[in-house]
Amino acid sequence: MAANRTFSIIKPDATRRNLTGAVTKMLEDAGLRVVASKRIQMTRKQAEGFYAVHKERPFFDDLVAFMISGPVVVQVLEGEDAVKRNRDIMGATNPENAAEGTIRKAHAESIEANSVHGSDSDENAATEIAFFFKPEEIVG
Ligand code: CMP
C-alpha cells in the first residue's frame, strides 16, 4: 500500500511526564515519519469540537477536561498504511488490554489518560489533520 498520513495526539498525561520524545521514538521505530508537529494548549472549544463524535458518551465531559489539563503535541504521521500502523503501535484504548511493546502498554495510566490518540480511518485522519494543521505546515 502507498504511503499515507494519519493524525496523532500526545496527550497531557504524557507531556506532563516528559514522554514526548519517548512516544515519538516508538512511532518512528514503527516506521512512521513526523511530517508536522506542534505543542499546543487546546482550548475547551477545540477539545469539544475535536471529540464532538463522543458528545453523548458519559465520559465526554471528563475527556474534554483531561485534554485541556495540560499541553498536547499534535502530529501528522506519514508511512505505509499509516492509520493501521499507528493504531498497532498505540495498542488498545484501555491500557489493561494493550499488547506488550505498544505505547499504551508502556506508558498509559488509564483508559482516559492513555497517552496517545490516533485516527481510526483515512477519512477521519484527513478531517483531524485539517482540524489542527494548514497544508503548508505539513512538510513531508
Ligand atoms: P481517543 O482515541 O483519544 O478517543 C476518545 C477517547 O476517550 C479515548 O481515546 C479515551 O482516552 C477516552 N475515554 C475515556 N473513557 C472512555 C471509555 N469508557 N471508553 C472509550 N474511550 C474512553
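Up top you'll find the structure we're talking about.
Predicted model only: the values in this text are computed from it and were never measured.

Observations concerning the site of the ligand
Around the ligand, the structure places Lys-11, Tyr-51, His-54, Phe-59, Leu-63, Thr-93, Arg-104, Ile-111, Glu-112, Asn-114 and His-117. One of the side-chain N or O atoms of Tyr-51 is found 2.5 Å from an oxygen atom in the ligand. In this structure, an oxygen atom belonging to the ligand sits 3.2 Å away from a side-chain N or O atom of Asn-114. Relative to its free-state accessible area of 450 Å², the ligand is covered by the protein chains to the extent of 78%. A class-by-class count of the residues in the shell around the ligand yields four nonpolar, four polar and three charged.

Section: the side chain of Glu-128
With respect to the secondary-structure elements, Glu-128 resides in helix 7 (residues 122-132). Within the buried set, Glu-128 has no salt-bridge partner at all; the shortest N-O distance to an opposite charge, 7.8 Å, is to Arg-87. At 2.8 Å, the side chain of Glu-128 and the side chain of Ser-119 are in polar contact. Sequence-distant contacts of Glu-128, that is, excluding residues within four places in its chain, are made with Phe-7, Phe-50, His-117 and Ser-119.

Let's talk about helix 4 (residues 60-67)
Since the α-helix turns once every 3.6 residues, residues separated by three or four places project in the same direction. Residues of helix 4 that are buried include every one of Phe-60, Leu-63, Val-64, Phe-66 and Met-67, and no others. Viewed along the axis of helix 4, the buried residues span an arc of 160°, placing them on a single side of the element. Set apart from the buried face of helix 4 by more than 90 degrees, the exposed residues are Asp-61 and Asp-62. Check the buried side of helix 4 and you find it contacts strand 1 (3-10), helix 1 (12-16), helix 3 (44-50) and strand 3 (72-80).

Cut-offs used in this document
- Residues numbered from 1 in each chain as written.
- Predicted model: local features only at pLDDT ≥ 70, side-chain atom pairs only at ≥ 80, totals over all residues.
- Heavy atoms only, no water.
- Near = heavy atom within 4 Å.
- Polar contact = N/O pair within 3.5 Å; in protein donor to acceptor, adjacent residues only side chain to side chain.
- Areas by Shrake-Rupley, 256 points an atom, 1.4 Å probe, with all protein chains shown as cover.
- Nonpolar A, V, L, I, M, F, W, Y, C, P; charged D, E, K, R; others polar.
- Helix = DSSP H or I, 4+ residues; strand = E, 2+ residues; numbered from the N terminus.
- Buried < 20%, exposed > 50% of the residue type's maximum accessible area, 1.4 Å probe, protein only.
- Lys, Arg positive; Asp, Glu negative; His and termini not counted.
- Salt bridge = Lys/Arg side-chain N within 4 Å of Asp/Glu carboxyl O.
- Contact = heavy atoms within 4.5 Å.
- Arc of directions from axis to C-beta.

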